[in-house]
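Residues per chain, in single letters:
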Amino acid sequence: MRDPMSAFTDAFTSFLFGKVETTRLPVRTSTGQAQAVYLPTAAPGLGDSGVIIGREVYSGKGYIYDPFQLYGQQLPAPHWLVLGESGNGKSALEKTYVLRQLRFRDRQVVVLDAQGEDGAGEWNLIAQELGITPIRLDPMAALDGGIKLNPLDPAITTTGQLALLRTIIEVAMGHGLDERSGFALKVAHAYVHATIVERQPVLMDIVEQLRHPEPESAEAMNVDIDDVRAWGLDVALVLDRLVDGDLRGMFDGPTTVGIDLDSPLIVFDLSHIDRNSIAMPILMAIVGVWLEHTWIRPDRKKRIFLVEEAWHIINSPFVAQLFQRLLKFGRRLGLSFVAVVHHLSDVVDGAAAKEAAAILKMASTRTIYAQKADEARSTGQVLGLPRWAVEIIPSLTPGIAVWDVNGNVQVVKHLVTEAERPLVFTDRAMTENSQASNASDAADALSGGLPDDVRAAEWEAEQRAILMEQQRLNASSESTVA
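Per an unreviewed UniProt entry, the recorded name for the protein chain is ATP/GTP-binding protein, and the organism is Streptomyces camponoticapitis.

Pasting the structure below:
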């Protein structure tokens, strides 16, 4: 009970100054309730120029990624590494990314498709819907007029041809060429290149020259002709495998006429090759060098080179060296290399650890899907991920991944449209009925093929719709924050 004098004083003060002070009782609450008074925050996105990937999980903002738009500002290199165990959404991400990139007229994509499904490559359905015939490398089909790629194609420089021949031999032998074998190969290649001008030289020409070297090659080094023949014997035996062995037919003739290197999407179907055999890295080496000299051109196009089962490249020192050069060279000509692997241990613990580290260093974008806890820890250590990201990787659900774009780390949920769904998921054998119901919708959505001058207005309208959807996502997330 307040005394009369204090009450009189308060009443006089309120009358004179118009101010009344009140006393409020304290409020008790939990930290969970109190955090509502703090505005939520989210990491900044990557801008609004490029293709939509999905939503950033914590803020709900739309997530857009494009290495060509980010290069030089937020990205030191446009190359991308995708990691994760099977069944978590890697294939769906790759395919929707390519389909969305192809909406831009200055994009071109090459895919090395090493995964098989329904007797064809995993990308076969997308190629069909876009009106594209995959380049199927198959030893059996090659013997019956199938696709051939010539390592001695005149489109490849003389230096490139010799480097490719050395790589093929070193991959098959499992070790580098010694000086004597290298000399025998060099003189055989030089003789074939100088004397066969009326047609494309082929591997059989090299094999024959190794078996029967010219006396001039021995005289030039002041050695016996039998020595030169002995030095080239192992090399001839390895190349003979491509001519008359289990890989015959694919590389022992002139390059097949009609391969369209100007198509927006080029798919090399390697699904008929045993993924665990030595043939796979040999194939990837030949395709990689052939593309380097025939596909990558200074024409201002932005090119994407996507490799499934990329550990075949990164795990072989000789193939990795070729692709390392391709990455360095291609960066100046607008090439983004996308490597897809299951486990980082497949790469960093292999025979090509040094080369693998160099390629990983050039991959400024890393996308990591769910992995086991021990694998996540080792991956985080190698890639330098923050602790919080490493801790959540084992608990990620399919379709959600940790994205590290040159240090900008966010958790992203990949979104797939209904038109894309039947084209991108690789489990049709398990969901055939539900997939079939959507097949006609996908055909209708893509029946017009790739954009041309006739359908320019329609494609521009679709692009505007994509941009409006992105703006809507961002507006929605901003209103939530407000």
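A. Quick peek at the overall build of the protein chain. Looking only at helices and strands, the protein chain has 22 helices and 13 strands in total. The burial tally for the protein chain puts 49% of its 482 residues in the buried class. A total accessible area of about 23,700 Å² is found for the protein chain, and carbon and sulfur atoms account for 54% of it.

B. Geometry of the side chain of E56. Examined against the element boundaries, E56 turns out to sit in strand β1 (residues 51–56). No salt bridge forms around the buried E56; measuring N to O, its nearest opposite-charge neighbour K61 is 7.6 Å away. Only 2.8 Å separates the side chain of E56 from the backbone nitrogen of S59, close enough to count as a polar contact. Apart from the residues within four sequence positions on either side, E56 is in contact with K61, Y63, Q410, V411 and V412.

C. Representation of the nonpolar core. Core analysis: the largest hydrophobic core is formed by 94 residues, its most contacted members being L239, F268 and F305. Ranked by the residues each element gives to this core, the list is headed by helix α13 (residues 279–294), at 11 residues. When neighbours within four sequence positions are excluded, L239 is seen to be in contact with L165, I168, I169, L203, I206, V207 and L210. Residues L75, V111, L130 and A401 belong to the second largest nonpolar core, which totals 37 residues.

D. Focus on helix α9 (residues 203–211). Of the residues making up α9, those classed as buried are L203, D205, I206, V207, Q209 and L210. In this fold, the buried residues of α9 make contact with α7 (158–173), α8 (179–195), α11 (225–231) and α12 (233–244).

E. Local environment of the confidence of the model for the protein chain. Considering every residue of the protein chain, the mean pLDDT works out to 79; 79% of them sit at 70 or more. Low pLDDT, under 50, characterises residues 428–460; the stretch is placed with 32 contacts to residues that sit more than four places away or in other chains. Here residues 477–482 is modelled with pLDDT under 50, and outside its nearest four sequence neighbours on either side it reaches five contacts, counting other chains as well.

F. The arrangement of the pattern of salt bridges in detail. In total, this model carries 18 salt bridges according to the counting rule given. Here E170 ties to R166 by a salt bridge, and the two come within 3.6 Å at their closest N and O atoms. You can see E170 and its partner R166 sitting in helix α7, four residues apart, about one turn around the helix. A residue is classified by how much of its surface remains accessible, and E170, at 10% relative accessible area, is buried. A single salt-bridge network, built from bridges that share partners, covers D66, D106 and R107.

G. Inspection of the pairing of β1 at higher detail. Counting buried residues along β1, five of its six residues qualify, which places the element largely inside the surrounding structure. Pairing analysis gives four bridges linking β1 to strand β2 (residues 62–65), with the strands arranged antiparallel. Counted as the bridge partner of G54 is Y63 from β2. Adjacent in sequence and paired antiparallel, β1 and β2 are bridged by five residues, among which G60 carries a positive phi angle near 80°.

H. Looking closely at the environment of V257. Following the sequence through the fold, V257 ends up in the loop between α12 and β8 (265–269). We classify V257 as exposed; its relative accessible area is 79%. Separated by 108 residues in the primary sequence, V257 and L149 place their C-alpha atoms 9.9 Å from one another.

I. Quick look at the packing of α8 against α9. Two numbers describe how α8 lies on α9: the axes approach to 9 Å, and their chain directions differ by 120°. Taken together, α8 and α9 sit at an angle that is classed as oblique. Of the two possible hands of crossing, α8 and α9 adopt the one that is right-handed. Every residue of α9 that contacts α8 at A184, L185, A188, H189, Y191 and V192 is listed here: D205, I206, Q209 and L210. Broken down by class, the residue content of the contact of α8 with α9 amounts to seven nonpolar, two polar and one charged.

J. Representation of the packing of aromatic side chains. Evaluation of the coordinates by the stated rule reveals 12 aromatic pairs. Three or more aromatic residues link up through ring pairs in this structure, and these residues are Y63, Y65, W80, Y97 and W403. Between R303 and the ring centre of W295, over which it is positioned, the NZ or CZ distance is 5.6 Å.

K. Structural view of a nonpolar patch on the surface. On the surface, a nonpolar cluster with roughly 320 Å² of combined accessible area is contributed by V57, Y58 and W388. Inspection of the secondary structure puts W388 in helix α19 (residues 387–392).

L. Summary view of the sheet that holds strand β12 (residues 400–405). Taken in spatial order, the 11 strands of this open sheet run β2-β1-β13-β12-β11-β3-β10-β9-β4-β8-β7, and their pairing is mixed. For this open sheet the edge positions go to β2 and β7 (135–136), each flanked by a neighbour on one side alone. Pairing analysis gives five bridges linking strand β9 (residues 302–307) to strand β10 (residues 335–341), with the strands arranged parallel. The partner of V307 across the bridge, within β10, is A339.

Rules used throughout
- Residues numbered from 1 in each chain as written.
- Predicted model: local features only at pLDDT ≥ 70, side-chain atom pairs only at ≥ 80, totals over all residues.
- Heavy atoms only, no water.
- Helix = DSSP H or I, 4+ residues; strand = E, 2+ residues; numbered from the N terminus.
- Buried < 20%, exposed > 50% of the residue type's maximum accessible area, 1.4 Å probe, protein only.
- Areas by Shrake-Rupley, 256 points an atom, 1.4 Å probe, with all protein chains shown as cover.
- Lys, Arg positive; Asp, Glu negative; His and termini not counted.
- Salt bridge = Lys/Arg side-chain N within 4 Å of Asp/Glu carboxyl O.
- Polar contact = N/O pair within 3.5 Å; in protein donor to acceptor, adjacent residues only side chain to side chain.
- Contact = heavy atoms within 4.5 Å.
- Core = buried A, V, L, I, M, F, W, Y, C linked by side-chain atoms within 4.5 Å.
- pLDDT = per-residue confidence, 0-100.
- Pairing = 2+ DSSP bridges.
- Axes fitted to C-alpha atoms, helices over the stretch in contact; angles between N-to-C directions.
- Parallel < 35°, antiparallel > 145°, perpendicular 65-115°, else oblique.
- Left-handed = near helix turned anticlockwise from the far one by under 90°.
- Nonpolar A, V, L, I, M, F, W, Y, C, P; charged D, E, K, R; others polar.
- Phe/Tyr/Trp six-rings, centres within 6.5 Å; stacked < 30°, edge-to-face > 60°.
- Lys NZ or Arg CZ within 6 Å of the ring centre and 35° of its normal.
- Patch = residues over 30% accessible without salt bridge, like charges linked within 9 Å, V, L, I, M, F, W, Y side chains within 5 Å.

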